[in-house]
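As a plain string of letters, each chain reads:
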Amino acid sequence: MDIWSDLKAHHAAKSGRSILSLFDAPGRVEAFSRQSDGLLFDFSKTRIDEGALSLLLELARVSGVEARREAMFTGEKINETEGRAVLHTALRAPGGDVRVDGQNVIPGVLETRARMAQFAQAVRSGEIAGSGGRYTDVVNIGIGGSDLGPAMATLALAPYHDGPRLHYVSNVDGAHINDTLQGIDPKTTLVIVASKTFTTIETMTNAETARAWMAAEVADPASQFAALSSATDKTAAFGIDPSRVFGFEDWVGGRYSLWGPIGLGLMIAVGPEDFAEFLSGGHAMDTHFREADLADNLPVLLALVGIWHNQVEGHATRAVLPYDQRLSRLPAYLQQLEMESNGKRVAMDGSDLATDSGPIVWGEPGTNGQHAFYQLIHQGTRVVPCEFLVAAEGHEPGLAHHHRLLLANCLAQSEALMRGRSLEEAREIMAAKGLDGAELDRQARHRVFPGNRPSTTLMYRKLTPFVLGQIIALYEHRVFVEGVILGINSFDQWGVELGKELAKALEPVLSGDADGADKDGSTRALVAFAQSVRNGA
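Predicted model only: the values in this text are computed from it and were never measured.

Undergrad: Describe the overall build of the protein chain, naming the residues involved and giving the relevant values.
TA: On a plain count of helices and strands, the protein chain comes out with 21 helices and twelve strands. Computed over C-alpha atoms, the radius of gyration of the protein chain comes to 26 Å, within 12% of the 24 Å expected from 2.2 N^0.38 for 537 residues, which places it in the range of a compact globule. The principal-axis extents of the C-alpha atoms in the protein chain amount to approximately 80 × 65 × 60 Å. Here the protein chain, with 537 residues, has 50% of them falling under the buried criterion. In the protein chain, of all internal contacts separated by at least 6 residues, the share reaching a separation of at least 24 is 73%.

See the structure below:
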């Protein structure tokens, strides 16, 4: 049986039916929503019906999701192009026995976690201090997975901050580090350099700049540095004390690394106890993902909704819309997680994919987005499936009226996307305003909302460390399931390599140390313009 063909045939046969009409049948919401550990996932406002869901679940089964899932959790080398296990789940495990090449990796994880907690607590208490006294600021220098995850999570858990101020620098653009270092005191600043190899050019360029900035006022600047790296020879050459170097294994991909040493900055900000709660939330989602039946499994269902919207219905983009200001960096984080993981063109065996790979992921927090791009979502010619996230309550009891308005807006947007507004309804509105004839019809047509636009909603009680852990792990496993169904490797990222190689070759051309004769005409012209500006021409 070709389930892909069956899915597309089912979609074609039911394409004339509206999402709203699916609610005519009793029990729609109960059949198309699931709960786990306080999370509610509602996917009833999609065109997935019982038949589609049955086919999607069968697609997951025949694609080998269950077997592949177990292979990941037990340390098999499912990252086949790099010959590596995929064990970010081990970073949040409370204990156990997970083996890679016959070696239980959990004791090493727990040991590193304990070292992190000891260091973080010493920084927070002032036991470890700068040349000017207790640390007031921490600057985390990284890029990609060494920046997006901790930066997103640190902002998300702002109500739990009781440590030094955290700053994140990623862009090699000198403006980023310059603007970050302005206004903070080098004598009371700790710098964390996050690079597994300690060779990432953007990160190391920024690290050298930070060291020079600190050296202007601190006699031994390296004493105020820590490193998140496995390249101990390079961290030693930089001058960082080995007790302040926290390494991680090659079975942890950058965009999945927040749970271990890459999360040190977050641990310093919120403390080891709340960081442990964050890990517990991730582990709870791991347990649910590993043990729940596919039909009740939140990551599986979230993935199947994504497959339905992208590969079956043909919608190329996905909007992530957190109605939570502290999750404002979540869309960017999920953009990397999804697009770097599943933005592939070949299957595991190297053959061309028979279907589209991952979608374009984008978004902004509500309600800001409502006054920006929601116009296109509601009335544009392309359908954009939307994924709303919202808490039932906020952290500010004195501002509960703000949260009611926020929640009302979130729920209203998903309803409006589904329900829309007909031409007849728009005509009635214009008639009530005193219009008639051709002008009434013209104005009414501008106020028509097609509706029938799909969305899902993930609701949780409050954005706590535990809940944030659940949400991130939920999306990690969603990406994994989609990758298995598409038959691709979600854990390599060769697509980032070519640009790096070319940039390395272009730097000496820009500096005038190479002629760039092998470059195309456009690139040569752009180099020439940049050089002429620099030379004052």
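So that's the structure; there's more coming.
Undergrad: Can you explain helix α13 (residues 298–312)? Please cite residues and give values.
TA: For α13, spanning 15 residues, the distance from its first C-alpha to its last is 20 Å, which sits close to the expected 21 Å at 1.5 Å a residue. For α13, the buried fraction is high: 15 of the 15 residues fall into the buried class. Backbone geometry just downstream of α13 places Gly314 in the positive-phi region, at approximately 85°.

Undergrad: Lay out the packing of aromatic side chains with the relevant residues and their values.
TA: By the definition in use, this model includes 14 aromatic pairs. Note on Phe73 and Phe289: the rings are 6.2 Å apart at their centroids and 45° apart in plane angle, and the pair reads as tilted. You can see Phe73 sitting in helix α4 (residues 65–73) and its partner Phe289 sitting in helix α12 (residues 272–291), a full 216 residues away along the chain. Taken as a pair, Phe73 and Phe289 share a single burial class, namely buried. Taken together, the ring pairs connect Phe73, Tyr256, Phe289, Phe480 and Phe491 into an aromatic cluster. Lying over the aromatic face of Phe23, Arg28 brings its terminal NZ or CZ to 5.8 Å of the ring centre. For the cation-ring pair, Arg28 lies above Phe32, with the distance from its terminal atom to the ring centre recorded as 4.0 Å.

Undergrad: Which residues make up the layout of surface pockets, and what are the values?
TA: Estimates place the volume of the largest pocket at around 1,200 Å³. Forming the boundary of the largest pocket are 40 residues, of which Thr200, Gln493, Val496, Glu497 and Lys500 lie nearest the centre. Of all the elements in the fold, those that place two or more residues in the lining of the largest pocket are α9 (201–215), α14 (330–342) and α20 (497–511). Ranked by the residues each element gives to the lining of the largest pocket, the list is headed by α20, at five residues. Estimates place the volume of the second largest pocket at around 540 Å³. Along the walls of the second largest pocket sit 24 residues, with Gly394, Glu396, His402, His403 and Leu406 positioned nearest its centre.

Undergrad: Explain the sheet that holds strand β8 (residues 225–228) residue by residue, including any values.
TA: Strand order in the open sheet formed by four strands is β6-β5-β7-β8, and the pairing between neighbours is parallel. In this open sheet, the two edge strands, each paired with only one partner strand, are β6 (165–169) and β8. Put simply, the sheet's adjacent strands are angled 20° from each other on average, direction ignored. Bridge count for strand β5 (residues 137–141) against strand β7 (residues 189–194) is five bridges, and the pairing is parallel.

Undergrad: Run through the state of the cysteines, naming residues and quoting values.
TA: Taken as a whole, this structure holds zero disulfides when the rule is applied. Distance from the sulfur of Cys386, which forms no disulfide, to the nearest cysteine sulfur (Cys410) is 10 Å. Judged by relative accessible area, which is 1%, Cys410 ranks as buried.

Undergrad: Mind laying out empty space enclosed by the protein, listing which residues take part and the relevant values?
TA: Any empty space left between the atoms is revealed when a probe the size of a water molecule rolls over them. Per the counting criterion, the structure on display carries five cavities of 30 Å³ or more. Taken as a whole, the largest cavity spans an internal volume of roughly 60 Å³. Every residue lining the largest cavity is listed: His10, His11, Lys14, Ser15, Arg17, Ser18, Leu22, Arg47, Asp49 and Trp308. Across the lining of the largest cavity, the residue classes tally to two nonpolar, four polar and four charged. Counted as a void, the second largest cavity has a volume near 50 Å³. Looking at side-chain class alone, the lining of the second largest cavity contains six nonpolar, no polar and four charged residues.

Each value, and the rule that gives it
Residues numbered from 1 in each chain as written. Predicted model: local features only at pLDDT ≥ 70, side-chain atom pairs only at ≥ 80, totals over all residues. Heavy atoms only, no water. Helix = DSSP H or I, 4+ residues; strand = E, 2+ residues; numbered from the N terminus. Rg over C-alpha atoms; globule rule 2.2 N^0.38 Å. Buried < 20%, exposed > 50% of the residue type's maximum accessible area, 1.4 Å probe, protein only. Contact = heavy atoms within 4.5 Å. Expected span 1.5 Å × (residues − 1). Phe/Tyr/Trp six-rings, centres within 6.5 Å; stacked < 30°, edge-to-face > 60°. Lys NZ or Arg CZ within 6 Å of the ring centre and 35° of its normal. 1 Å grid on protein atoms, 1.4 Å probe; cavity = no way out; pocket = protein on both sides within 12 Å on 5 of 7 lines; lining within 4 Å. Points joined across faces, edges and corners; volume = space filled by probe spheres on them. Pairing = 2+ DSSP bridges. Axes fitted to C-alpha atoms, helices over the stretch in contact; angles between N-to-C directions. Disulfide = S-S within 2.5 Å. Nonpolar A, V, L, I, M, F, W, Y, C, P; charged D, E, K, R; others polar.

So, to be careful, I would describe these as geometric facts and stop short of saying anything about function.
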